[in-house]
Each structure stands twice: as structure tokens, then as C-alpha cells.
Amino acid sequence: MTTTCLVVMGVSGSGKSTVARLLADRLGRPMAEADEFHPEANIAKMSAGIPLTDADREPWLLALRDWISEHDAAGQGTVVTCSALKRSYRDLLRGASARVRFIHLSGSREVIGERLASRSGHFMPPSLLDSQFADLEPLGDDEDGITVDVTATPEQIADRVCGGLDR
Ligand SMILES: Nc1ncnc2c1ncn2[C@@H]1O[C@H](COP(=O)(O)OP(=O)(O)OP(=O)(O)O)[C@@H](O)[C@H]1O
Ligand SMILES: O=C(O)[C@H](O)[C@@H](O)[C@H](O)[C@H](O)CO
């Protein structure tokens, strides 16, 4: 039977890691942090304040897609954090064998900028936020998934996701 992968998407600082952790715990599923799939060169670029290109992101997205498929082959549904900013990136992830559904954490530049400014100990500099919004193609109505506003608490967001998706 095909499993489901929930991909928590959105710009840097939108709350992907926070919300995905709650969902993975509630659903009892393994979780992957997309940041752990980046080649070293990508982390070095972002740390230096240089936005990634489509070419930089492709091997990263394919590695994540394969992780999703490996778990699907073992019968395991998953939860994944991945910015998945463009529809073409989401198309790559949809190439996994699982049913891939997206949860877009959507919020204003102001709200997310404030959260990033007060976060510490993360390689991603707040200065990259404008480039993240420039690349962002919001989840389309025709794409499998839901969009949730980030101004709610993480617990409320997890409730909405669990209520808004059948699984
Ligand atoms: N719903 C929320 N309300 C208030 N603060 C939040 C919420 N969700 C996350 N935060 C806080 O905002 C900051 C960014 O959250 P988080 O690290 O989960 O985002 P992210 O999308 O995974 O970021 P990145 O893509 O850069 O890794 C953290 O300090 C987190 O504690
Ligand atoms: O596509 C991208 O530009 C990257 O995935 C970034 O979004 C970061 O990896 C992440 O948001 C920081 O943790």
C-alpha cells in the first residue's frame, strides 16, 4: 500500500521544523530535516549569505525524494521539512513513490522576519529572507495539500493540519 509523506514547506523561519516535529510525534512517523540533505557546498553558500540556485537545489531535492521512497518501500509514512519554494521543486518531490502532500506554512515577511531575527544558533542568515520570498511560489489550489497561517501557535497549526487532512 502506498504511504503518505507530509512535506512541511515554506520560507526559512516559517516554522517548518517546529511544526513537523509535532506532526511526526502525533502520527508516530519518522521525520527528515531537509537541511541534513544539503551538500556541504550549499550550506557554505547559505552561511555566506548567497541564495541557492535551481541547480544547487536539484541534488538536494532528489536525495530527499529518495529518502521518502525508501521509507515508502518499507511501508513507512513520513514527515519531512523542506522549503520546496517552487512548484518545480515540489514536482521533483512528487516523483517519490509515496503520496506526497504539502503543508504550506504561510506568513508575512514581517512576522517571519521577526522570528528569524530572534532565532540564534542557525546557519541561515535572516538576510536571505527576501530571496526566499522572491523564489516562493505558494502552494497552488490544484496541488495536494493545505496552506496554514503561521500566526497561530505550533499546537494550533498541528491541530489544523490533522483536521484538514484525512491523514
Ligand atoms: N507558530 C509559531 N509561533 C511562534 N514562533 C514560532 C512558531 N513556529 C516557529 N516559531 C519560532 O520561529 C523560529 C523559526 O522556526 P523554525 O526553526 O521551526 O523554522 P524553519 O522553517 O524550520 O526554519 P529554517 O527553514 O530556517 O530551518 C524558531 O525560533 C521557532 O521557535
Ligand atoms: O531552498 C533553500 O533555499 C533552502 O532549503 C533554505 O530554505 C534552507 O535550507 C532552510 O530554510 C534553512 O534552514
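Above this text is the structure in question.
Remember, predicted model here, so these are calculated numbers, not experimental data.

**Student:** Any details on the pairing of strand β1 (residues 4-9)? Residues and values, ideally.
**Tutor:** For β1, the tally of buried residues reaches six of six residues, placing the bulk of the element in the interior. Across six bridges, β1 lies against strand β4 (residues 99-106) in parallel orientation. Within the sheet, the bridge partner assigned to T4 lies in β4 and is R99. Where β1 meets strand β3 (residues 78-81), four bridges bridge the pair, whose relative direction is parallel. Each bridged residue has a counterpart across the sheet, and for V7 the counterpart in β3 is V80.

**Student:** Let's hear about the state of the cysteines: which residues, and what values?
**Tutor:** The full count for this structure, using the stated rule, is zero disulfides. Note on C5: no disulfide assigned, nearest cysteine sulfur contributed by C82 at a separation of 9.5 Å. The class for C5 is buried, based on a relative accessible area of 0%. The thiol of C162 is unpaired, and the distance to the nearest cysteine sulfur, on C5, comes to 14 Å. Residue class for C162 comes out partly exposed when judged on its relative accessible area of 34%.

Conventions and cut-offs
Residues numbered from 1 in each chain as written. Chains lettered and ligands numbered in written order. Predicted model: local features only at pLDDT ≥ 70, side-chain atom pairs only at ≥ 80, totals over all residues. Heavy atoms only, no water. Buried < 20%, exposed > 50% of the residue type's maximum accessible area, 1.4 Å probe, protein only. Helix = DSSP H or I, 4+ residues; strand = E, 2+ residues; numbered from the N terminus. Pairing = 2+ DSSP bridges. Disulfide = S-S within 2.5 Å.

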